[in-house]
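What the coordinates show
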Amino acid sequence: MTTIEVQDLTKTYRTTTAVSRLSFTVRPGRVTGFLGPNGAGKSTTMRMILNLDHPTNGSIRINGRPYTQLRDPLRAIGALLDAKAAHGGRSAHNHLLCLAQSNGISAKRVGQVLDQVGLASVATRRIGGFSLGMGQRLGIAAAMLGDPPVLMFDEPVNGLDPEGIMWIRGFMRAMAAEGRTVFVSSHLMSEMALTADHLIVIGKGRLIKDAGMAEFVGGGTESYVRVRSPEPAELASLLTDRGAEVSSVDDHLRVRKMPAAMIGDLAAARGIPLHELVAQETSLEAAYMAMTKDSVEYHLGTPIVSERK
Ligand SMILES: Nc1ncnc2c1ncn2[C@@H]1O[C@H](COP(=O)(O)OP(=O)(O)OP(=O)(O)O)[C@@H](O)[C@H]1O
């Protein structure tokens, strides 16, 4: 059972409630995105999953056990939280060797993970000279040392160039395809749309939505066609008879479950004039913004215009 189970989790820092009664399960074989605006509580939750911080209330189980009861944590869960944590004077190989030796992992595994993340050719170079992208790969190599079935990444693509971003996306997808449990945080829906199969959305420390990507993409109830006609009642009954769902909003009709072209054709065939026919697709980004609009810590105000000419 390679899952992360979060149950009724709460974390309070003096006056701030960072996480509030949060419950969700991260399952194997897919990439689960952990999405929320800045300050939503993602990093706090991830730190608690790794036992780096302690819940005020609630519990977390990894592969069915609390972290403190994992016999060999590095073989149970691998994580990339802060890539800059490595010692700059060491070579990539020595850094990983130290980690391996202190965790009872064979030296042979070091070469394997360096290969896996594409750092074999720079294994003897000092980490201090690594680019941000190389540092991220090294952090991922460290997370992979124990060959864990559960992987967790906190905002792994922040600051990376397009090639680095593509590589990390591909890596996470490959790990999920191998059947591992992959949990990755981001504050960008656009990033998650390209990587995740499932999304857990939080805002102000609370769960907002836990659903498959298909449910977000489909938009279901949020995609409709806006139609205006001087004969709304006749049009509504015509479209309803053909299977559409029609509601009247202000001066127009909202038509669901029927494409705009079909609405136009049916109206034309019946001689009903149309004054407006617009397909309203809710983008993923818009759906996410609407979902989290009450949870954003700082809304953007009016831009400050520089007075310098
Ligand atoms: N050690 C701490 N002491 C006090 N408050 C904290 C501490 N760590 C986090 N917080 C607060 O808890 C809230 C959640 O922070 P957290 O870093 O978990 O959010 P996040 O979703 O990871 O945001 P970001 O995308 O900006 O990293 C914020 O209001 C933050 O200021």
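The following refers to the structure shown. (Residues numbered from 1 in each chain as written. Predicted model: local features only at pLDDT ≥ 70, side-chain atom pairs only at ≥ 80, totals over all residues. Heavy atoms only, no water.)

1. Quick word on the overall build of the protein
For the protein, the count of helices and strands is 11 helices and 13 strands. By the compact-globule yardstick of 19 Å for 309 residues, the protein is too spread out, its C-alpha radius of gyration being 25 Å. Principal-axis analysis of the C-alpha atoms places the extent of the protein at approximately 80 × 50 × 45 Å. A fraction of 69% describes how many contacts in the protein between residues 6 or more apart in sequence connect residues 24 or more apart. Total accessible area computed for the protein in this model is approximately 16100 Å², and 51% of it derives from carbon and sulfur atoms. Side-chain charges of the protein comprise 34 positive and 30 negative groups, with the mean position of each set lying 9 Å from the other. (Helix = DSSP H or I, 4+ residues; strand = E, 2+ residues; numbered from the N terminus. Rg over C-alpha atoms; globule rule 2.2 N^0.38 Å. Contact = heavy atoms within 4.5 Å. Areas by Shrake-Rupley, 256 points an atom, 1.4 Å probe, with all protein chains shown as cover. Lys, Arg positive; Asp, Glu negative; His and termini not counted. Charge placed at Lys NZ, Arg CZ, Asp CG, Glu CD.)

2. Here we look at the packing of helix α3 (residues 92–102) against helix α4 (residues 108–116)
Direction vectors running N to C along α3 and α4 enclose 130°, while the axes themselves pass 9 Å from each other. Between α3 and α4, the interaxial angle falls into the category oblique. For the crossing formed where α3 meets α4, the hand is right-handed. Where α3 abuts α4, its residues A92, H93, L96, L97 and A100 lie against V110, V113 and L114. Among the residues forming the contact of α3 with α4, the class breakdown is 7 nonpolar, 1 polar and no charged. (Axes fitted to C-alpha atoms, helices over the stretch in contact; angles between N-to-C directions. Parallel < 35°, antiparallel > 145°, perpendicular 65-115°, else oblique. Left-handed = near helix turned anticlockwise from the far one by under 90°. Nonpolar A, V, L, I, M, F, W, Y, C, P; charged D, E, K, R; others polar.)

3. What about the pattern of salt bridges?
Using the criterion set out here, one finds 12 salt bridges in the structure. With a closest N to O distance of 2.9 Å, E191 and R169 form a salt bridge. Separated by 22 residues along the polypeptide, E191 in helix α7 (residues 189–195) and R169 in helix α6 (residues 162–177) bring together distant segments of the chain. Three or more residues joined by partner-sharing salt bridges are found here, namely R109, D147, E178 and R180. (Salt bridge = Lys/Arg side-chain N within 4 Å of Asp/Glu carboxyl O.)

4. Some points on the site of the ligand
Taken together, the neighbourhood of the ligand is formed by 14 residues, with G39, G41, K42, S43 and T44 sitting nearest. The side chain of S43 places a nitrogen or oxygen atom 2.8 Å from an oxygen atom of the ligand. Computed on the free molecule, the ligand has an accessible area of 640 Å², of which 64% lies beneath the protein chains in the complex. Of all the elements in the fold, those that place two or more residues in the shell around the ligand are β2 (16–26) and α1 (42–49). If you tally residues by element for the shell around the ligand, the top one is α1, at 4 residues. (Near = heavy atom within 4 Å. Polar contact = N/O pair within 3.5 Å; in protein donor to acceptor, adjacent residues only side chain to side chain.)

5. A word on α1
Burial analysis of α1 places 6 of its 8 residues in the buried class, which makes it a mostly covered element. Regarding α1, the residues found buried are K42, T44, T45, M46, M48 and I49. Downstream of α1 by a residue or two, N51 has a phi angle that is positive, lying close to 65°. (Buried < 20%, exposed > 50% of the residue type's maximum accessible area, 1.4 Å probe, protein only.)

6. Some thoughts on the nonpolar core
One recurring pattern in soluble globular proteins is that nonpolar side chains are buried together. One finds L96, L119, F130, I140, F153, M189 and L199 to be the most contacted residues of the largest nonpolar core, which totals 47 residues. A total of 7 residues in this core trace back to one element, the largest contributor, which is helix α5 (residues 132–144). Look past the residues within four positions of L96 in its chain and what remains in contact with it is V110, V113, L114, L138, A141, A142 and L145. (Core = buried A, V, L, I, M, F, W, Y, C linked by side-chain atoms within 4.5 Å.)

7. Overview of the packing of aromatic side chains
As enumerated under the stated definition, the model contains 4 aromatic pairs in all. Look at F24 and F183: their rings are 5.6 Å apart centre to centre, the planes differ by 45°, and that puts the pair in the tilted class. Highlighted residues: F24 in strand β2 and F183 in strand β7 (residues 181–186), separated in sequence by 159 residues. Just as F24 is buried, F183 falls in that class too. Aromatic ring contacts, followed pair by pair, group F24, F34 and F183 into a single cluster. Residue placement shows R137 over the ring face of W167; its charged tip is 4.3 Å from the ring centre. (Phe/Tyr/Trp six-rings, centres within 6.5 Å; stacked < 30°, edge-to-face > 60°. Lys NZ or Arg CZ within 6 Å of the ring centre and 35° of its normal.)

8. Digging into the side chain of T45
For T45, the location among the structural elements is in helix α1. By relative accessible area, T45 is classed as buried at 0%. The contacts of T45, once residues within four sequence positions are left out, are L9, V19, L22, F24 and F34.

9. Overview of unusual backbone geometry
With a phi close to 55°, D8 is a non-glycine residue in the positive phi region. As for its placement among the helices and strands, D8 is situated in strand β1 (residues 4–13). Even without glycine at this site, N63 takes up a positive phi of about 50°. Among the secondary structure elements, N63 is positioned in the loop between β4 (57–62) and α2 (73–76).

10. Considerations on the side chain of T195
By the secondary structure assignment, T195 is in helix α7. According to the relative accessible area criterion, T195 is buried, its value standing at 1%. When sequence neighbours within four positions are dropped, the list of residues in contact with T195 reads V31, R169, M172 and R173.

Scope: geometric values only; no functional claims are made or implied.
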